[in-house]
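Each chain is listed here by its residues.
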Amino acid sequence: MDFPYYPINDFGPAMKGLVIGSLGIFHVFLAQFAIGGGMLMCYFQWLSQTGRCAPARQFVDGFFRFLVLVSFIMGAVTGVGMWFTSIQISPRTIGMMVDEFHWIWAVEWTFFCLEIVAGYCFYRYGTRLDDSARMTLLVLYAVAAWGSLFWINGILSWQLTPGIWLETHTIQDGFFNPSFWPSLLYRTLVSMAIAALVACVVINVMPGLDRPTRSVLINHAAHFLLPMVFMPVLGVWYLMSWPEDSRAWVTGGSPAMSMFLAIGVGSSLLVGAYATIGIWWGKLYINGATATLLCALAMAATAGGEFVREGARKPYTVREVLYSNSILPSEVARLRQSGSVTNDPFPLQNAADYPTQQLQLGAKVFRFQCSICHTMQGVNGLVELTGHWSDDQRRLMIAQLQHTKPFMPPFSGSAVELESLVQLIGWETAGRPEGATEASLDPEILERIQTWLDEAGTAQGSRNPQK
């Protein structure tokens, strides 16, 4: 196989997956704001041209400048950053997504371009246009922004729930996968809610508006928060569309995943309750500080939800097709025989720091198979996770990894590579002692490791081995 990564940057001490995950969460929040913002602008333009809200036009012009500034500049920067980091960290995943859905990507980019053109035209000429032309541009912008979500949603949801695409490999089966519709509808409501909350912040800082006018605008913006009452139903529908094991991880099987799910659900409930009972029903005035706090809660909900969606795919980046370390399930058996880094053409960074060839081999194995989700001594570090184990415990646990920890892929290297990784962890745990000498490989130890590898097999483990 072509070696499926480019070790340009190890992003230490941060975990690679954490880097791209954090950037992704920020980008998703901005993108959903842009999508909901387009719909909100159409609504306020309609209020203005039908005479239902006199200051609506002033708000549209002020809010749209903020929307363009945030979504065009920060969205573009984070979007490029996503591609840049993805290509470094997991090029095989990105390559597979583009290979399977290149025409979908092309359509999505067409909608994105239309969004940019319509947005820029409104930004540049909106104040000079009549109501009809303004509405046309805003509808174009909103449709293009939501259309971009429609197309990208199919690709992202395919990663977790490829469904019958695993058998047919047709674009339509992959695109309209089991979680497509609940994901699309849920994200649409999230986009509307984020846009309404940001609007409340902007209304509070817009110059020239007295308090009664701000109150009227906020109450109109709050209408975009009301659909949040459907979120619990859509959330359950979305969760039920997941594979059983993925669902089990987030509903108690993994404390970390369950905690992030609770953060997402709890933050959404707080925002929804305040919006429905306080702003819409009670007609409460929401000041800038409160609006900002609600936006922060919405950001927390987005972060929790995206973390759970990403984590639920483990140990895959594309379920049942590609492991998170960019190894295909069909390649595991061969790599067990040939060695996973035998053909690795990339030298180690700071190779001189590793005093023996065995430690250098262990470092290459770590870089290839572990570094996407672990660091050695940083976030999710192997030293912290396994440093207190004996060498034999490490050998057994790593050899049978997919069974002892079913959210991790099977070890895909030879017994010699596994032993090198064990020795590397021990050397790092001991504080990189000087004077390390080349270790002789004990045939008895290698035979024991091979027996454990054979017992584990090459197939992915199951949370419930009886099924």
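Residues numbered from 1 in each chain as written. Predicted model: local features only at pLDDT ≥ 70, side-chain atom pairs only at ≥ 80, totals over all residues. Heavy atoms only, no water.

Looking at an unreviewed UniProt entry, one finds the protein named Bacterial Cytochrome Ubiquinol Oxidase and attributed to Symmachiella dynata.

Close contact between helix α2 (residues 56-89) and helix α3 (residues 91-125) brings their axes to 13 Å; oriented N to C, the two are set at 160°. Between α2 and α3, the angle is such that the two are roughly antiparallel. Considering how the two elements wind past one another, α2 and α3 form a crossing that is left-handed. Here V60, D61, F64, R65, V68, F72, W83, S86, I87, Q88 and I89 of α2 lie close against α3, whose contacting residues are P91, I94, V98, W105, E115, I116, G119, Y120, F122 and Y123. Partitioned by chemical class, the residues of the contact of α2 with α3 number 15 nonpolar, three polar and three charged. (Axes fitted to C-alpha atoms, helices over the stretch in contact; angles between N-to-C directions. Helix = DSSP H or I, 4+ residues; strand = E, 2+ residues; numbered from the N terminus. Parallel < 35°, antiparallel > 145°, perpendicular 65-115°, else oblique. Left-handed = near helix turned anticlockwise from the far one by under 90°. Contact = heavy atoms within 4.5 Å. Nonpolar A, V, L, I, M, F, W, Y, C, P; charged D, E, K, R; others polar.)

All chains considered together, the criterion is met by 16 salt bridges. For R319, the salt bridge is made with D245, and the minimal N-O distance between the two is 2.9 Å. Of the two residues, R319 is situated in the loop between β1 (316-318) and β2 (322-323) and D245 in helix α10 (residues 244-253); the sequence distance between them amounts to 74 residues. The exposure class of R319 is buried, given its relative accessible area of 12%. On the basis of relative accessibility, which here comes to 27%, the residue D245 falls in the partly exposed class. The partner of D344 in a salt bridge is R367, with the nearest N and O atoms 2.9 Å apart. You can see D344 sitting in the loop between α13 (332-338) and α14 (357-370) and its partner R367 sitting in helix α14, a full 23 residues away along the chain. The pair formed by D344 and R367 is uniform in burial state, with each residue classed as buried. (Salt bridge = Lys/Arg side-chain N within 4 Å of Asp/Glu carboxyl O. Buried < 20%, exposed > 50% of the residue type's maximum accessible area, 1.4 Å probe, protein only.)

Moving on, we come to unusual backbone geometry. Put simply, K314 and P315 share a cis peptide bond, and its omega is 10°. Within the secondary structure, P315 sits in the loop between α12 (288-311) and β1. Phi is positive for E320, close to 65°, though the residue is something other than glycine. Residue position: E320 is located in the loop between β1 and β2. On the accessibility criterion, E320 (46% relative accessible area) is partly exposed.

What follows deals with the side chain of Q159. Within the secondary structure, Q159 sits in helix α4 (residues 131-160). Of note is the side chain of Q159, whose polar atom sits 3.0 Å from the backbone oxygen of T317. Not counting residues up to four positions away in its chain, the partners in contact with Q159 are T93, M97, R313, T317, V318 and R319. (Polar contact = N/O pair within 3.5 Å; in protein donor to acceptor, adjacent residues only side chain to side chain.)

A few words on the UniProt feature "transmembrane region" (unreviewed entry) in the protein. When the UniProt feature table is mapped to this numbering, "transmembrane region" (unreviewed entry) covers residues 20-43, 63-83, 103-123, 135-156, 184-205, 217-239, 259-277 and 284-305. Regarding residues 20-43, the helix share stands at 100% and the strand share at 0%, and the terminal C-alpha atoms are separated by 35 Å. (UniProt positions renumbered as here; feature names shortened; annotations may be inferred.)

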